Amino acid sequence: MSGDTLIDPVRDLGAALLSVEMPARYTGGEYGMLARAGAPFQTAIAFPDLYEIGMSNQALRILYNRLNGLPGISCDRVFAPAPDFEALLRGRSMPLYGLDTGIPLKKLDLLLFTLGYELGISSVLTMLDLAGIPLRRERRGEGDPIVIMGGPCVSNPLPYAAFIDAFWIGEAEAGFFELTEELAGIKGEGREKSLSVLLRHPSVWAWGKKEALRGIDRDFSVRPPLSAVFPVPSMKVVQHHGAVEIMRGCPNGCRFCHAGFWYRPMRQKNASVIFEETEDFIRKGGYREISLSSLSSGDYQYLNPLVDTLRETFSGAHVSFQLPSLRVSSFSLPLLEKISAVRKSGLTFAVESPEQARQMSINKEVSLDSVALILEKARGNGWRGAKFYFMIGLPPAESQGGGREDEAEKIAAFIRELSGRVRMHFNITVGVFVPKPHTPYQRLRQIGIDEARGILDRIRGGLKSAGHRVSISDPLVSLIEGVISRGNAETALLIEEAWRRGCRLDAWQDKIRKDIWMDVFRAYPAQVSRILRGWGAGEGLPWDCIKGGVEANYLSCEYSRSSGSVVTSPCTEKCTHPCGICGSGQGIVRNNIQGEVKNSGNPPPEKVPPGTFRILFSFEKTGSAIFHSHLSVVEIFSMAFLRGNIPALYSAGFNPLPRLEITAPLSLGIRSKAEIAALDTELFFDAGLFLDRMNRRLPLGFRLVRAENFYILPGAKKHSLSSLLWGFEYESPGEPPQRVHRDQEKEFRRGLSESRGGRAASLYHLTRRAVLASYPEPEAAGLSYFDVYRRLYPLNKPPGT
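Residues numbered from 1 in each chain as written. Predicted model: local features only at pLDDT ≥ 70, side-chain atom pairs only at ≥ 80, totals over all residues. Heavy atoms only, no water.

### Some details on the overall build of the protein chain
Each helix and strand counted, the protein chain has 26 helices and 25 strands in total. Expected size for 801 residues packed as a compact globule is a radius of gyration near 28 Å; at 29 Å, the protein chain falls within 12% of this value. Dimensions of the protein chain, computed from the C-alpha atoms along their principal axes, are close to 90 × 65 × 50 Å. For the protein chain, the residues scored as buried account for 57% of the 801 residues in total. Taking the intrachain contacts of the protein chain between residues at least 6 apart in sequence as the baseline, contacts between residues at least 24 apart amount to 77%. (Helix = DSSP H or I, 4+ residues; strand = E, 2+ residues; numbered from the N terminus. Rg over C-alpha atoms; globule rule 2.2 N^0.38 Å. Buried < 20%, exposed > 50% of the residue type's maximum accessible area, 1.4 Å probe, protein only. Contact = heavy atoms within 4.5 Å.)

Encoded structure:
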């Protein structure tokens, strides 16, 4: 694709980017971008939420890295814009574009949405509209890309079918990449031909097709390592860590859990593959926090040896590990202490319900005594609090008489007793249960807004006064989720109406337009009443066209067992309650490798002299880099040190960080030719090698210009860069360079802003040419930092080396 059809946000929007919140969301330039503008077949993975949410999504990373590994195929990335950036694009008549290449979405061959949360659908419509792609599938023609949607939400695709050309049902590894290659091979033969090829695949569903079968990755456990590392975000995202999926599916069968049924069977990844993927996130990505992710990590066979292997192997890199999903029954405090050796992890308990009968009903037992035992041990080992999750609106067991009047009091009583026993205060989150398709509760009624609000208010009132922090979900948001997740084709009318009236980014509490949704619900009462009423045993369900693999009779049986508070044992190889998912070459797979400590590739530590090794360096900040905040720049360099195997010296304490100092934070929008920074290292590391390695591992717009080694003798004063700061040299178009003392910088910028007609424009055209130092003598000021350092620290190595 020619450059004149591509969008460069820095070139095309310029200073206007400074008018929006967090402009780095929209500028790209990250380290490790893989999309190629010249590839014959152009795709993009679209995530219908903000950048910082989407770049934390594991499915997006898998799709992006796998598609960009196919010959002749490019996969870009695009995220939902915040309202301010949407307004900027509309005001400039500029279409939404891919972050890697700048390709307008309308120029793509395939546009791939992944939908993990139902409330993201309004952002899907925003993204289509901003791209100039008709919202309705029947209005699209040869000039439009084929729009495909996947993700867990499409287990019921009907509410989205008016907007989406085709749906991929299930796991992408089960044939989607091969299907994309087939589509690339017939490019140019027309839209109808491509759609017909799509519809032939058993895991593709589209309006008019009778059914589709969920694709299941049968090779998940033994597939060669997938390096889903790239690109590395240049700004802090919600989950700023490397996520290594250690297990897919869950053996436990919690009856309320959509993911637990949708991703069956449980498949545990081979431990050797986990090790290699972890090493990629650390060595190639620069991550020092690794999440070993799954639906229930405690069920991974030989988890303790795996954690021991990872900790021992990467101990020198100051890497910490997280296990985000541990059931109380598989909870191990010694294991948690191991993974908290670098950074202390939080204690989180998803109790759901405090009542034993209801716990047995939902097939998840979490006794107060077992939680108290864990917390008592934890308190003795330095933990001072914990998080708890509860749900209201879960189906009551028959022994409870079908009522929920005392639900609030039982949750409050559970917390009060537990807090009294262990002498802790807790963070408590209470949500509203939303029944989902393809689960034993798929036919149940959902509790209404007023009923839910009454219970939640009583819980909050009963616990806040006791010193606990209580967060409650919004019953209206839960109702929106319920209406969409179990909706039918007519639900699209409701979704489109809400969007046209102004609904955007509904998953965000500060952005959702509750007044509009309430008005829309009043306009479409049948959609709401169906969810509040539920479905009878003999009624057809909108999602009957999707075959998830778990048999309908099994789900009905599980609902009967729920009513009687009968527990179903976890899935095992010798199954006593077949659900229909195993067989024909697929079933439960466990890891059988106990793990061993491997060589991380680091040389053995050498004896280091007692002084301080410091590298002083200068760097440029241009292009997309000027839209990154100071904290982002610190993180960018910290990750690049690890990618480049730079022996950075780390601070001590709870959260070790490289001993990096950047002299003076630079405001967003200002270019720089010579920022000054210093890094302390564990041993002597050649400045020339440092310069080379760093410049090959930084995002676009960052470039190290100069670096020198210095050695500070033991006992000598270590001058911080900020203590030596004299001021700066600035230049702006049409004016000579100007030196500004640090005490006069604010006044200088204020005067520039007044003369240039506004702060954003004045900063955008400003360049910092130099950061200047003063020697600790009054007459020596406005000098190069390198000159000052040579006076202060004339050695670059310890004497005699």
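So much for the structure itself; the text now carries on.
### A look at the state of the cysteines
The tally for this structure, following the rule as stated, stands at 0 disulfides. Cys 503 carries a free sulfur, and the closest cysteine sulfur to it, the one in Cys 153, is 17 Å from it. We classify Cys 503 as buried; its relative accessible area is 0%. With no disulfide of its own, Cys 575 has Cys 571 as its nearest cysteine by sulfur position, at a separation of 6.1 Å. (Disulfide = S-S within 2.5 Å.)

### Some details on the pattern of salt bridges
Scanning the entire structure with this criterion turns up 58 salt bridges. Residue Glu 118 is joined to Lys 436 by a salt bridge in which the shortest nitrogen-to-oxygen separation is 3.3 Å. Of the two residues, Glu 118 is situated in the loop between β3 (110–114) and α5 (121–131) and Lys 436 in the loop between β15 (425–432) and α15 (449–464); the sequence distance between them amounts to 318 residues. You'll find Glu 118 and Lys 436 in the same group, each marked buried. Residue Glu 745 is joined to Arg 768 by a salt bridge in which the shortest nitrogen-to-oxygen separation is 3.4 Å. (Salt bridge = Lys/Arg side-chain N within 4 Å of Asp/Glu carboxyl O.)

### Here we look at helix α14 (residues 407–422)
The end-to-end C-alpha distance of α14, which contains 16 residues, comes to 23 Å, matching closely the 22 Å that a straight helix rising 1.5 Å per residue would cover. For α14, the full list of buried residues reads Glu 407, Ala 408, Ile 411, Ala 412, Phe 414, Ile 415, Leu 418, Ser 419 and Val 422. For α14, the buried positions fall inside an angular range of 155° around the axis, keeping them on one side. Looking at the packing, one finds that the buried side of α14 touches β13 (348–352), α12 (356–362), α13 (368–380), β14 (385–392), β15 and α15. Downstream of α14 by a residue or two, Arg 423 has a phi angle that is positive, lying close to 55°. (Expected span 1.5 Å × (residues − 1). Arc of directions from axis to C-beta.)

### Concerning the packing of aromatic side chains
The description of an aromatic ring pair rests on the distance of the ring centres and on the angle between the ring planes. Summed over the entire model, instances satisfying the criterion amount to 29 aromatic pairs. The interplanar angle of 20° and the centroid separation of 5.2 Å between the aromatic rings of Phe 349 and Phe 388 together place this pair among those described as stacked. Of the two residues, Phe 349 sits in strand β13 while Phe 388 sits in strand β14, which places them 39 residues apart along the sequence. Per residue, the accessibility class of Phe 349 equals that of Phe 388, and both read buried. Taken together, a centroid distance of 6.5 Å and an interplanar angle of 35° make the contact between Phe 637 and Phe 641 tilted. Highlighted residues: Phe 637 and Phe 641, both in helix α21 (residues 630–643), separated by 4 residues, approximately one helical turn. Using a relative accessible area of 0% as the deciding quantity, one classes Phe 641 as buried. Cluster of aromatic residues (ring-pair linked, three or more members): Phe 617, Phe 619, Phe 637, Phe 641, Phe 690 and Phe 702. Here Arg 671 stacks its cationic end above the ring of Tyr 764, 4.4 Å away from the centre of that ring. The ring of Phe 684 carries the charged tip of Lys 797 above its face, separated from the ring centre by 4.5 Å. (Phe/Tyr/Trp six-rings, centres within 6.5 Å; stacked < 30°, edge-to-face > 60°. Lys NZ or Arg CZ within 6 Å of the ring centre and 35° of its normal.)

### Here's the deal with the packing of helix α6 (residues 176–185) against helix α7 (residues 191–200)
Interaxial distance between α6 and α7 falls to 10 Å at its minimum, and their mutual angle equals 155°. Here α7 runs roughly antiparallel to α6, going by the angle between their axes. Along this stretch, α6 crosses α7, giving a crossing that reads as right-handed. Between α6, through Leu 179, Glu 182 and Leu 183, and α7, the contact on the second element is made entirely by Ser 194, Val 197, Leu 198 and Arg 200. (Axes fitted to C-alpha atoms, helices over the stretch in contact; angles between N-to-C directions. Parallel < 35°, antiparallel > 145°, perpendicular 65-115°, else oblique. Left-handed = near helix turned anticlockwise from the far one by under 90°.)

### Thoughts on the packing of helix α9 (residues 271–285) against α21
Direction vectors running N to C along α9 and α21 enclose 115°, while the axes themselves pass 6 Å from each other. Classified by the angle between their axes, α9 and α21 sit roughly perpendicular to one another. On α21, the residues that touch Ile 282, Arg 283, Lys 284 and Gly 285 of α9 are Met 639, Leu 642 and Arg 643. Tallied by class, the residues present in the contact of α9 with α21 amount to 3 nonpolar, 1 polar and 3 charged. (Nonpolar A, V, L, I, M, F, W, Y, C, P; charged D, E, K, R; others polar.)

### Regarding the sheet that holds strand β16 (residues 469–472)
With parallel pairing, the 4 strands of this open sheet are ordered in space as β13-β14-β15-β16. The open sheet has two free edges, formed respectively by β13 and β16, since each of these has just one partner strand. Taking the axes of each pair of neighbouring strands and ignoring which way they run, one obtains an average angle of 20° across the sheet. Where β14 lies against β15, 8 bridges are found, and the strand directions are parallel. Across the sheet, residue Phe 388 finds its bridge partner in β15, namely Ile 428. The sheet strands contacting α14 are β13, β14 and β15, and the helix crosses β14 at an angle near 165°. (Pairing = 2+ DSSP bridges.)

### Looking at the side chain of Glu 52
Tracing the sequence through the fold places Glu 52 in helix α2 (residues 51–54). Within polar-contact distance, the side chain of Glu 52 engages the side chain of Arg 25 at 2.7 Å. Setting aside anything within four residues of it in sequence, one finds Glu 52 in contact with Met 22, Arg 25, Met 235, Lys 236, Val 237, Val 238 and Trp 508. (Polar contact = N/O pair within 3.5 Å; in protein donor to acceptor, adjacent residues only side chain to side chain.)

### Description of the environment of Glu 352
Structurally, the position occupied by Glu 352 is in strand β13. The exposure class assigned to Glu 352 is buried, which follows from its relative accessible area of 8%. Once you skip the residues sitting within four places of it in the chain, Glu 352 turns out to touch Phe 256, Ile 362, Lys 364, Tyr 389, Phe 390, Met 391 and Leu 394.

### Observations regarding the sheet that holds strand β12 (residues 320–322)
Taking strand neighbours across the sheet as the criterion, the 3 strands line up as β8-β11-β12 in an open arrangement whose pairing is parallel. Edge positions in the open sheet fall to β8 (242–245) and β12, since each of these has one partner strand only. Averaged over all pairs of adjacent strands, the angle between their axes in this sheet comes to 25°, without regard to strand direction. As paired elements, β8 and strand β11 (residues 289–293) share 4 bridges and run parallel to each other. Among the inter-strand pairings, Ala 243 is bridged to a residue of β11, identified as Ser 291. Strand contacts of α9: β8, β11 and β12, with the helix running at about 170° to β8, the strand carrying the most contacts.

### A few points about the nonpolar core
Looking at soluble globular proteins, one finds that nonpolar side chains tend to be buried together. Ranked by internal contacts, the top residues of the largest apolar core, which has 114 residues, are Leu 111 and Met 149. Take this core: its biggest share by element is 7 residues, from α5. With residues up to four places along the chain from it excluded, the contact list for Met 149 reads Phe 113, Leu 115, Ile 121, Val 124, Val 154, Tyr 160, Ile 164, Ala 166, Phe 167 and Trp 168. Judged by nonpolar contacts, the second largest core, of 70 residues, contains Phe 230, Val 366, Phe 390 and Met 639. (Core = buried A, V, L, I, M, F, W, Y, C linked by side-chain atoms within 4.5 Å.)

### Considering the pairing of strand β23 (residues 738–741)
Where strand β22 (residues 725–731) meets β23, 4 bridges bridge the pair, whose relative direction is antiparallel. Within the sheet, the bridge partner assigned to Glu 729 lies in β23 and is Arg 739. Counting the residues between successive antiparallel strands, the hairpin from β22 to β23 contains 6 residues, one of them, Gly 734, with a positive phi of roughly 80°.

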